[in-house]
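Observations on the model geometry
Read off the chains here:
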Amino acid sequence: MGTDNLTETLAGTVAVLFDFDGPLCDVFAGRPAPEVARELALLAASTDPALSAKLSETDDPLEVLRLTHAANPELGLRVEEALTAAEVEAVAVAGEPTPGAVAALEAVRAAGRKIAVVSNNSGESVRVFLGRHDLAEHVLEVVGRAERQPDLMKPNPHSLLKAAELLEVDVTLCALIGDSLTDIQAAHKVGAAAIGYANKPHKHQTFTEAGAEAVTEDMQAIADAIQPPQSND
């Protein structure tokens, strides 16, 4: 799947939805995710020791939140608050946007498409990062993790549907750019196009097998694909 697939997929859109962690930012680059997951697990286990063994099996902060909330919603709220704080701290030390991301945002906007960010991370952390890097002007809406409802994180398509509603567009005329299988699944559940950002070698095959309409290993390719072809005159 090359640029032709990207061009064709983006041509059918009125809005482009960007996942945050991966396509726009390496959220935990400066504050490693396993470290955050351990902190959250310790917080949860200090109140509910029975969770300790289960939470020690994952190094994904979002999975710690899911598991804790499923077992104890009240405790899950405390973990969620701690995770949001950790995400805000993390994006402050995450470094520059993903290579090609700024060009992609600028090109999508210049091509007349609406832009929203849909993320399993907190909306607060997304807005902090966009503001820190002067990218907020490109993004009309940010739909982060639904508070108190981690079950609505992708692959649940909740954030896509909400973004489409806020943008006042048909979700089936949107394309989601994401770096996880859950992004592909969420898009397809509501008839949106899925563009897989394969930022690790194994992901290209995973996204292709999942039926992604296009796969790219470079966010710059999004900018190149959505621009009209140059005249040969």
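What you see is a predicted model, and the numbers here were worked out from it, not measured in a lab. (Residues numbered from 1 in each chain as written. Predicted model: local features only at pLDDT ≥ 70, side-chain atom pairs only at ≥ 80, totals over all residues. Heavy atoms only, no water.)

Regarding helix 6 (residues 101-110), the residues found buried are Ala-101, Ala-104, Leu-105, Ala-107 and Val-108. One or two positions beyond helix 6, positive phi appears at Gly-112, with a value near 85°. (Buried < 20%, exposed > 50% of the residue type's maximum accessible area, 1.4 Å probe, protein only. Helix = DSSP H or I, 4+ residues; strand = E, 2+ residues; numbered from the N terminus.)

Turning our attention to the packing of helix 4 (residues 61-71) against helix 5 (residues 73-92). Contact geometry of helix 4 with helix 5 gives a least axis separation of 7 Å together with a crossing angle of 160°. Considering the angle they form, helix 4 stands roughly antiparallel to helix 5. Here helix 4 runs over helix 5; the crossing is left-handed. Touching Pro-61, Leu-62, Val-64, Leu-65, Thr-68, His-69 and Ala-71 of helix 4 are Pro-73, Leu-75, Gly-76, Val-79, Glu-80, Leu-83 and Glu-87, all from helix 5. (Axes fitted to C-alpha atoms, helices over the stretch in contact; angles between N-to-C directions. Parallel < 35°, antiparallel > 145°, perpendicular 65-115°, else oblique. Left-handed = near helix turned anticlockwise from the far one by under 90°. Contact = heavy atoms within 4.5 Å.)

Taken domain by domain, the chain consists of domain 1 (2-26 + 96-225) and domain 2 (33-93). Taking the mean C-alpha position of each, domain 1 and domain 2 sit 25 Å from one another. At the junction of the two partners, domain 1 supplies 16 residues and domain 2 supplies twelve residues. Of the roughly 1,300 Å² buried between domain 1 and domain 2, counting both surfaces, carbon and sulfur atoms make up 59%. Interface area lost by domain 1 to domain 2 is led by Arg-145, Arg-148 and Pro-150, which between them contribute 38%. Its salt-bridge partner being Arg-145, residue Glu-87 comes within 2.9 Å of it at the nearest N-O pair. In this structure, the connection of domain 1 to domain 2 is made through eight residue pairs in polar contact (both at pLDDT 80 or more). (Domains from an automatic or database assignment. Buried area = accessible area lost by both parts, 1.4 Å probe. Salt bridge = Lys/Arg side-chain N within 4 Å of Asp/Glu carboxyl O. Polar contact = N/O pair within 3.5 Å; in protein donor to acceptor, adjacent residues only side chain to side chain.)

This part is about helix 9 (residues 181-189). Buried within helix 9 we find Asp-183, Ile-184, Ala-186 and Ala-187. Seen from one end, helix 9 has its buried residues packed into an arc of 165°, which puts them on one side. Structurally, helix 9 contributes buried residues whose contacts are with helix 8 (158-167), strand 4 (174-178), strand 5 (193-197) and helix 10 (203-209). (Arc of directions from axis to C-beta.)

Take the sheet that holds strand 3 (residues 141-143) next. Overall, parallel pairing links the six strands, which are arranged 3-2-1-4-5-6 in an open sheet. Unpaired on one side and paired on the other, strand 3 and strand 6 (214-216) mark the two borders of the sheet. Averaged over all neighbouring strand pairs, the angle between strand axes comes to 20°, with direction disregarded. In terms of strand pairing, strand 1 (residues 15-18) meets strand 2 (residues 114-118) through four bridges, oriented parallel. Across the sheet, residue Leu-17 finds its bridge partner in strand 2, namely Ala-116. Where helix 8 meets the sheet, it contacts strand 1, strand 2, strand 3 and strand 4, and its direction lies at approximately 150° from that of strand 2. (Pairing = 2+ DSSP bridges.)

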